Each structure stands twice: as structure tokens, then as C-alpha cells.
Amino acid sequence: MRIRTIVLIVAIVLMAGFAALNLDEFSRPSMLSLGVTTVQAPLGMVMLVLLVAVLLVFLATTLYIQSTHLLEMRQSTRALATQRELADRAEASRFTELRHYLETQAQTAQQREAAHATVLAERLAQTQDALVAKIDQSGNTLAAYIGELEDRLDSRDGVRPARVDTPSLL
């Protein structure tokens, strides 16, 4: 229990004890003025009844305020739970959107890489074909030079074979 509640209970018990110990004085009749008229009633009992009435009003007010506060807290808790749920859903959708974006970017990068690999393979094949053609051409040129040199060597030796016209590439 809270200290405030304990103090309130102790005060009520002390007042009840005081009223019980002085019940004769509380119940002695006296003349009371109500402004318009006078009444004969026990002043202690009137004051005790007024004290109990004020105490009941305060307790009722406290219960009303606490119940209103409790209802507001429940509504606030529900609203916060709803907002938290909405925020979680929004965050999850952002993560889903981010994942989709990253997957799209990865696929685009793979396609770009595949296209570059294809272009590179084509260029490599073209370069290889050009190199093979150059090697063949060099081999043909070398064979032509060797043939021409053989012809010159044969013509120096005095034997003239039949002349074959080969174009000179020099």
C-alpha cells in the first residue's frame, strides 16, 4: 500500500477511537442555530456526521478520478499499441521494399556483368581471329621470301629452273 493510504486509514481509525471514547459528549444535546431557526441536537454527532459525509465525498471523488485515469490509460495503451503495430508494419514494408530494390540492383549488375563478359569474349575471339590471320599471312610471306631466296641461290649456281612468278611483297 501507499503511504498516503496508510496515513488515511490511521487517521480514520484514530477519529473513530476518539468518537467512541467520547460518545457521551458527542451525544449530549445542545441548541444549534441554522440561521433561520434553532434546533436542539447533539453537536458532536452533527459534526461527526458532517465529517463522515465529507470523507465519503472525498473517497467518491478519488474513486471517480482514479477510474477515469485508469480508463484513459487503457485507451492510451490501446492507441499506443495500434500506433506501434502501424509503425512495425511500415518498417517491415520498408525492409521489404529495400530488399526488392537490392535484388533488382543485383540482377541488373549480373546482367551488366554478363553483357560485358559477352562483349569481352567477342572481342577476344576477334583478336584471336585477327592474330591467326596475321600469323598465316606472315607464314605465307616468309614462305614467299624463302622461295625467292632459293631461286636466287639456284640462279647463282648456274642451274636455272623454270621460273615461277611469285609476287614480291617487299
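What you are looking at is a predicted structure, and each value in this text was computed from that prediction instead of being measured.

Visitor: What is the right way to read the overall build of the protein chain from this model?
Guide: A tally of regular secondary structure across the protein chain gives three helices and two strands. Helices and strands in the protein chain line up, N terminus first, as α-α-β-β-α. With respect to the three principal axes, the spread of C-alpha positions in the protein chain is 175 × 30 × 20 Å. Burial status across the protein chain gives 4% buried among its 170 residues. Of the contacts made within the protein chain by residues no fewer than 6 positions apart, 21% connect residues no fewer than 24 positions apart. When the accessible surface of the protein chain is summed, it comes to about 15,200 Å², and 64% of that surface belongs to carbon and sulfur atoms. The average position of the 16 basic charges and that of the 18 acidic charges among the side chains of the protein chain differ by 13 Å.

Visitor: When you look at the pattern of salt bridges in this model, what are you seeing that I'm missing?
Guide: Close approach of charged atoms allows side chains with opposite charge to pair. Scanning all chains against the criterion turns up four salt bridges. Glu-85 is the salt-bridge partner of Arg-89, the closest N and O atoms lying 3.0 Å from each other. Placement of both Arg-89 and Glu-85 in helix H3 (residues 43-157) is noted, with a separation of four residues, approximately one turn of the helix. Its relative accessible area of 54% is what places Arg-89 among the exposed residues. The exposure class of Glu-85 is partly exposed, given its relative accessible area of 44%.

Visitor: Is there a simple way to explain a nonpolar patch on the surface in this structure?
Guide: On the surface, Leu-8, Ile-12, Val-52, Leu-56 and Leu-59 cluster together into a nonpolar patch covering about 390 Å² of accessible area. For the nonpolar patch, the elements supplying multiple residues, two or more each, are helix H1 (3-21) and H3. By residue number, the principal contributor to the nonpolar patch is H3, which donates three residues. Following the sequence through the fold, Ile-12 ends up in helix H1.

Visitor: Even after reading the chapter, I still don't get the packing of aromatic side chains, so can you show me in this structure?
Guide: How two aromatic rings sit relative to each other is given by the distance of their centres and the angle of their planes. For the coordinates displayed, the defined rule picks out one aromatic pair. Here Phe-18 and Phe-26 contribute two aromatic rings whose centre-to-centre distance is 5.9 Å and whose plane-to-plane angle is 85 degrees, an arrangement assigned as edge-to-face.

Visitor: Can you walk me through a negative patch on the surface in this structure?
Guide: On the surface, a cluster of negative charge is made up of Glu-150, Asp-151, Asp-154 and Asp-157. Taking the relative accessible area as the measure of exposure, Glu-150 reaches 46% and is therefore partly exposed.

Visitor: Can you help me understand the pairing of strand E1 (residues 29-33) in this one?
Guide: When a strand is regular, its side chains alternate between the sheet's two faces. Judged from the five bridges that link them, E1 and strand E2 (residues 38-42) form a sheet pairing that is antiparallel. If you follow Met-31 over to E2, its bridge partner there is Gln-40. Between the end of E1 and the start of E2, which pair antiparallel, lie four residues, with Gly-35 showing a positive phi angle near 95 degrees.

Visitor: In this structure, what is going on with the packing of H1 against H3? I would like to understand it.
Guide: When two helices pack together, their arrangement is given by the angle between their axes and by how far apart the axes lie. Direction vectors running N to C along H1 and H3 enclose 165 degrees, while the axes themselves pass 12 Å from each other. Looking at the two axes, H1 sits roughly antiparallel to H3. Along this stretch, H1 crosses H3, giving a crossing that reads as left-handed. Counting all contacts with H1, which are made through Leu-8, Ile-12, Met-15 and Ala-19, the residues of H3 involved are Leu-48, Leu-51, Leu-55 and Leu-59. Per-class residue counts for the contact of H1 with H3 are eight nonpolar, no polar and no charged.

Rules and cut-offs
Along each chain, residue indices are assigned from 1 in the same order as the chain's sequence is written. In keeping with the model being predicted, local features are shown solely for residues with a pLDDT of at least 70 and side-chain atom pairs are shown and tallied solely at 80 or more, while totals for entire chains, interfaces and linings include all residues. For the side-chain quantities, the full set of heavy atoms in the structure was used; hydrogens and water were omitted. A run of H or I in DSSP becomes a helix once it reaches four residues, and a run of E becomes a strand once it reaches two; helices and strands are each numbered from the N terminus. Under the scheme applied here, a residue whose accessible area is under 20% of the maximum for its type counts as buried, over 50% as exposed, and between as partly exposed, the area being computed with a 1.4 Å probe on protein chains only. Pairs of residues are marked as contacts when any of their non-hydrogen atoms sit within 4.5 Å. Reported accessibility uses the Shrake-Rupley method at a 1.4 Å probe radius. Residues are deemed covered only where the shown protein chains occlude them. Counting rule applied: Lys, Arg positive; Asp, Glu negative; His and chain ends not counted. Each charge is placed at NZ for Lys, CZ for Arg, CG for Asp and CD for Glu. Salt-bridge detection follows one rule: a side-chain nitrogen of Lys or Arg within 4 Å of a carboxyl oxygen of Asp or Glu. Patch membership requires more than 30% relative accessible area and the absence of a salt bridge. Residues of like charge join within 9 Å; the nonpolar side chains Val, Leu, Ile, Met, Phe, Trp and Tyr join within 5 Å. Here a Phe, Tyr or Trp ring, Trp counted by its six-membered ring, pairs with any other such ring whose centre lies within 6.5 Å, and the pair is stacked when the planes are under 30 degrees apart, edge-to-face when over 60, and tilted otherwise. Pairing between two strands requires that DSSP report at least two bridges joining them. A fitted line through C-alpha atoms represents every axis, and for helices the fit uses only the stretch in contact; the resulting angles, taken between N-to-C directions, go from 0 to 180 degrees. Small angles under 35 degrees read as roughly parallel and large ones over 145 as roughly antiparallel, with 65 to 115 read as roughly perpendicular and the rest as oblique. In this scheme the handedness of a crossing depends on how the near helix is turned from the far one: anticlockwise by less than a right angle means left-handed, clockwise means right-handed. For this classification, Asp, Glu, Lys and Arg are treated as charged, while Ala, Val, Leu, Ile, Met, Phe, Trp, Tyr, Cys and Pro are nonpolar and the rest, including Gly, are polar.

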